[in-house]
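# Geometric and topological summary
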Amino acid sequence: MPHKILVVDDDADIRDLVSTKLESSGYEVETAGDGVAGLELATNNGYSLVISDVMMPGMSGVDMVRMMRAAEPPVSVPVILLTAKNQERDIESGFAAGITDYVVKPFSPRELAARVAGILAR
Amino acid sequence: MLVSWDVLAIAVVVLVVGCIVALAAVVVIKGSRHARERRRTVHENAVRSRIMALAVAEDEALDALVQELASTPGPLGDHVEQTLLRMIPEVRGDVREAMISVLAARGLLRRSLQRISSRSAIQRAGAAELLGVLGGSEVIRPLTAALRDKNLEVRLVAARALGVAARPEAGGHLVDALSLTSGIPHSVAATALLNLPDQDPTVYIEGLRDRDAGIRYGSAAVVGMLLMSEAAEALFECLLAEGGRENASDVVVAACARSLGRLSYKPATSELAEISCSSSASSSVRQAAGEALRAMPGAEAREVRRHVMERADADVRRILVDA
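Residues numbered from 1 in each chain as written. Chains lettered and ligands numbered in written order. Predicted model: local features only at pLDDT ≥ 70, side-chain atom pairs only at ≥ 80, totals over all residues. Heavy atoms only, no water.

Residues and elements named next belong to chain B. Between the first and last C-alpha of helix α17 (residues 299-311) there are 19 Å, a value that for 13 residues agrees with the 18 Å anticipated at 1.5 Å per step. Buried within α17 we find Ala301, Val304, Arg305 and Val308. Looking down the long axis of α17, one finds its buried residues gathered within 105 degrees of arc, a one-sided arrangement. For α17, the exposed residues set more than 90 degrees away from the buried face come down to Ala299, Arg302 and Glu310. (Helix = DSSP H or I, 4+ residues; strand = E, 2+ residues; numbered from the N terminus. Expected span 1.5 Å × (residues − 1). Buried < 20%, exposed > 50% of the residue type's maximum accessible area, 1.4 Å probe, protein only. Arc of directions from axis to C-beta.)

The next point concerns the sheet that holds strand β5 (residues 101-105) of chain A. Sheet strands line up and pair through hydrogen bonds in the backbone, either parallel or antiparallel. Residue and element names in this part refer to chain A. Read from one edge of the open sheet, 5 strands run β2-β1-β3-β4-β5, paired in parallel fashion. Looking at strand neighbours, the two that pair on one side only are β2 (28-32) and β5, the edges of this open sheet. Adjacent strand axes in the sheet meet at a mean angle of 20 degrees, parallel and antiparallel pairs treated alike. Here strand β4 (residues 79-84) pairs with β5 via 5 bridges, running parallel. In the strand pairing of β5, Ile80 is matched with Asp101. Lying on the sheet, helix α1 (residues 12-24) is in contact with β1 (4-8), β2, β3 (49-53) and β4; it crosses β2 at an angle near 170 degrees. (Pairing = 2+ DSSP bridges. Axes fitted to C-alpha atoms, helices over the stretch in contact; angles between N-to-C directions. Contact = heavy atoms within 4.5 Å.)

Quick look at the environment of Pro201 of chain B now. All names here are of chain B. With respect to the element layout, Pro201 can be found in helix α11 (residues 201-208). Sequence separation between Pro201 and Ser229 is 28 residues; the distance between their C-alpha atoms is 8.8 Å. Beyond its immediate stretch of four places on either side in the chain, Pro201 contacts Met228 and Glu230.

Below, the discussion takes up helix α5 (residues 108-115) of chain B. All names here are of chain B. If you check which residues of α5 are buried, you get Leu108, Leu109 and Ser112. All buried residues of α5 lie within an arc of 95 degrees about the axis, which places them on one face of the element. Structural note: α5 exposes Arg110 and Gln114 on the side pointing more than 90 degrees away from its buried face. In this fold, the buried residues of α5 make contact with α3 (74-87), α4 (94-105) and α6 (121-134).

Here we take up the packing of α1 of chain A against helix α5 (residues 109-121) of chain A. When two helices pack together, their arrangement is given by the angle between the helix axes and by the axis-to-axis distance. Residue and element names in this part refer to chain A. For the pair α1 and α5, interaxial distance at closest approach is 10 Å and the crossing angle is 55 degrees. Judged by the angle between their axes, α1 and α5 are oblique. The chirality of how α1 crosses α5 is right-handed. Contact residues: α1 offers Leu17, Val18, Lys21 and Leu22, while α5 offers Pro109, Arg110, Leu112, Ala113 and Val116. Taken together, the residues of the contact of α1 with α5 sort by class into 7 nonpolar, no polar and 2 charged. (Parallel < 35°, antiparallel > 145°, perpendicular 65-115°, else oblique. Left-handed = near helix turned anticlockwise from the far one by under 90°. Nonpolar A, V, L, I, M, F, W, Y, C, P; charged D, E, K, R; others polar.)

Here it is in structure tokens:
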């Protein structure tokens, strides 16, 4: 069974690019266009990992992670945050909310896939 | 009256037939427009999937894909260019290089290099922005020339674009763009400078000695943000020399002080203490010196801060109280 990964990003270009890269690495990928939809999917489906953008309409990636961790029962899936350059505060609050790792944009899809593989191998 | 009824009947028939023809025309036009949009969506999705495939293609497959996207004609070709231009700022590494190769092969670099000399300022600004995204060594000369464009908007876009292109050789030109006469906001040129890799400290050391207060101020601020310790001595010299300059500026002194604090440049500690207590310095300069003192590590700096607390005004004491 391949690992199932959720990609949450309001930018369709990035969503598709990340999905394509991860699918080519053998993962099963589902996507959401905002934090609310991402939270809904993450809570109800058994993902091995979530990759989320920070700035999204409705609910930010950090808030989504916070709500995942606060859910009953908590959603403890590893989360990689995609954050813009110079957003140290997002990274800080992301770790406080319970993210596993972060990748700074502009990002390398190859590096992202390597980080995913590393986390899933733990 | 009888004739009138005939005319009326004919008119009604003509009207009905006209309506039917008009309705049919609308249906045909809308149908063909929908069909055209459906075809376009199908084609765009096909092209989009080829673009996304750039993220996973390797070697020969990548070359073939670049060629295919480079030779996509017409409106679909425009779609390729627009999608890639949206995506390039978000990615780095081999995917970014592949995307830029597609745009270069489509002639976008050549077209932008021509358009940056256009008579239209809008065209020149657009070309400058594209050149920044495309990057590479060949875009630096036209972009640095555009920093002196007669139109301020073009100069501003060129400064931003040099930051996006992120080539170290743009450093000296962007430091010059900090000049008070350039019209480019300091924040724009400084932000672009912060993006450049492997910067040469001598560019900033010269900037700190420049006659233009804007260049001195910007250089001082950026040196601190970059934590460029090689320029710390020149930064201190700039702070000491500023008072004796014809065009001495408080903002230069304040920027030097803050950056010396960020760099934890200990030889400046006594001077910063003097400035923070000086009645002849402006409030903003005293506070900047106080902030720098607060950042200084070590027992000696702690002792200096203790003395300053006894002499300085309330604003500086408030800054130092948590140190």
